[in-house]
Amino acid sequence: MPTSRSGLGFLGAAFLAGRRLRVRRPAIRIPGRIAALPTRPLRAIILAVAGLLALDGLLFRTGLYTSILEPDSSTGVFELILRREQQAQPWYGPNLVVTLGDSRFAYYPRVANEQKATTGFAFRHAGVAGTDARAWYYMLRDLDPARAGYRAIVIGVDDYDDEDGAYDIGDDLATLHYVAARLRFSDVIPFALSFENPTARWQAFRGSLLKGIVFQRDILAFLTHPAKRLADIALDAGGFEEWTYGFVDTDRNVVGLKIDWTNFTATVPPGNEELRDQMDRFVLYHPKPQTGKRAAFRRKWFGQLLDRYRGTPTKVVFVRLPRGPIPRPENLVQKKSSSIREFAARPGVLLADEHAFDCLETPELFKDAFHLNNAGCARLSVLLAQEVGKLLR
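Residues numbered from 1 in each chain as written. Predicted model: local features only at pLDDT ≥ 70, side-chain atom pairs only at ≥ 80, totals over all residues. Heavy atoms only, no water.

Draft legend 1. Here's a closer look at the sheet that holds strand S2 (residues 122–125). An order of S2-S1-S3-S6-S7 is seen for the five strands of this open sheet, with the pairing classed as parallel. The open sheet has two edge strands with one neighbour each: S2 and strand S7 (349–351). Mean inter-strand twist for the sheet, computed between neighbouring axes without regard to direction, equals 25°. Here strand S6 (residues 315–320) pairs with S7 via three bridges, running parallel. In the strand pairing of S7, phenylalanine 318 is matched with leucine 351. (Pairing = 2+ DSSP bridges. Helix = DSSP H or I, 4+ residues; strand = E, 2+ residues; numbered from the N terminus. Axes fitted to C-alpha atoms, helices over the stretch in contact; angles between N-to-C directions.)

Below, the structure written as structure tokens:
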């Protein structure tokens, strides 16, 4: 009898067919298993993402890496100032005033504190050069989490009116690099959505979600020169408070500066190319279309800051800072709104006299187009203490 499959005959063929049928009967359930197979790579992707978030969180959300940040980096300076002010809070008692602003808010807290006998208040400065209202919100949230550390928050602005200038501060990604260490998981979406430009919004989203993206250059620099980094950190840890509290600015001035606002031209002192560059880039610009973006930015971020202190004894005071050695004329543009004045209608919000520091707007008291020199800082310190003390008494 032939044994080949072709010679099995009817019974053999039926037997094999039955075996094949029996083998294939479970195939009714196989599609279910096959459909489940794609969940394996999906599960692997989910686990990989979770692992990445966990590692990123371990390194950058626990203080593990932020303790070795480059002190001179944007994030490093922000963190140094935050820690300095956290440590200083217990030194001054209940009548402590903290000031917030960018580099234009140049004054000496030590000089302001010399007026305490007459004003009754002590001053500390938590401002960071290059920052804006968005960064100040995150600074203050972690500096004063219980909303009870200060008698008043003083915020320095360049104008009470809302003028859209040469660039849109709402899409300035520099803020991400200042506040990266302060951003929580709950901040990721609202922080990203606070940017209007799609590219800026995406970069803010990924940088606040995975902080390693923001810190990658800092990590590379640390790995290249770890000993130098640790030495710099130790140096700052031992002297940052003393250096900054005792800081004395330059006596340089910009005497000789003249501006023709009709033709938007300037005459600068001979050899001062830095001043000429500042004037050309940031001062002598023709009025820009008034879109309302600056007002919206202020209402959002100052609004959130004010909301934190709603119903607390802490006052929020706005002051208009000295604008420059020769300020831009008020009539160059028709400003559509004044968000700062709107805030004054809220309980607990105070506005300093808009012209309290106009006397400082002279070339003798500025070292460049925006920043006061040593004499200017000293005079602002006294005037600030007196003005704030008058408002709070």
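Once the structure has been displayed, the description carries forward.
Draft legend 2. A look at the layout of surface pockets. Counted as a void, the second largest pocket has a volume near 700 Å³. In terms of lining, the second largest pocket is formed by 30 residues, of which the most central are Arg84, His125, Gly127, Thr244 and Phe247. Those elements that provide at least two residues to the lining of the second largest pocket are helix H4 (74–88), helix H5 (109–113), S2 and helix H12 (226–245). Partitioning the lining of the second largest pocket into residue classes produces 16 nonpolar, five polar and nine charged. (1 Å grid on protein atoms, 1.4 Å probe; cavity = no way out; pocket = protein on both sides within 12 Å on 5 of 7 lines; lining within 4 Å. Points joined across faces, edges and corners; volume = space filled by probe spheres on them. Nonpolar A, V, L, I, M, F, W, Y, C, P; charged D, E, K, R; others polar.)

Draft legend 3. Representation of the packing of aromatic side chains. Scanning the entire structure with this criterion turns up 17 aromatic pairs. Aromatic pair tyrosine 65 and phenylalanine 215: ring centres 6.0 Å apart, planes at 40°, arrangement tilted. One end of the pair, tyrosine 65, is in the loop between helix H3 (39–60) and H4; the other, phenylalanine 215, is in helix H11 (residues 212–224), with 150 residues separating them in the sequence. When sorted by exposure, tyrosine 65 lands in the same class as phenylalanine 215, which is buried. Plain terms: the ring middles of tyrosine 138 and phenylalanine 191 are 5.9 Å apart, the flat faces sit at 70° to each other, and that makes the pair edge-to-face. With tyrosine 138 in helix H7 (residues 133–143) and phenylalanine 191 in helix H9 (residues 188–193), this residue pair connects regions lying 53 residues apart in the sequence. The pair formed by tyrosine 138 and phenylalanine 191 is uniform in burial state, with each residue classed as buried. Each member of the aromatic cluster is reached from another via a ring pair, and the members are Tyr137, Tyr138, Phe191, Phe195 and Trp301. Its end group placed over the ring of phenylalanine 185, arginine 61 keeps NZ or CZ at 3.9 Å from the ring centre. We note arginine 328 situated over the ring of tyrosine 285; from NZ or CZ to the ring centre the distance is 3.9 Å. (Phe/Tyr/Trp six-rings, centres within 6.5 Å; stacked < 30°, edge-to-face > 60°. Buried < 20%, exposed > 50% of the residue type's maximum accessible area, 1.4 Å probe, protein only. Lys NZ or Arg CZ within 6 Å of the ring centre and 35° of its normal.)

Draft legend 4. Representation of the pattern of salt bridges within the structure. Evaluation of the coordinates by the stated rule reveals 33 salt bridges. A salt bridge links glutamate 342 to arginine 299; the shortest N-O distance between them is 2.9 Å. Residue glutamate 342 is located in helix H15 (residues 339–343), and its partner arginine 299 is located in helix H14 (residues 293–308); the two are separated by 43 residues in the primary sequence. On the accessibility criterion, glutamate 342 (39% relative accessible area) is partly exposed. Arginine 299 gets classed as partly exposed once you look at its relative accessible area, which sits at 34%. With a shortest N-O distance of 3.4 Å, arginine 320 and glutamate 354 are connected by a salt bridge. Here glutamate 354 lies in the loop between S7 and helix H16 (374–392) and arginine 320 lies in strand S6, a separation of 34 residues in the sequence. Among the charged side chains, a network of salt bridges with common partners joins Asp159, Asp161, Glu163, Arg320, Arg323, Glu330, Lys335, Arg341, Glu354, Asp358 and Glu361. (Salt bridge = Lys/Arg side-chain N within 4 Å of Asp/Glu carboxyl O.)

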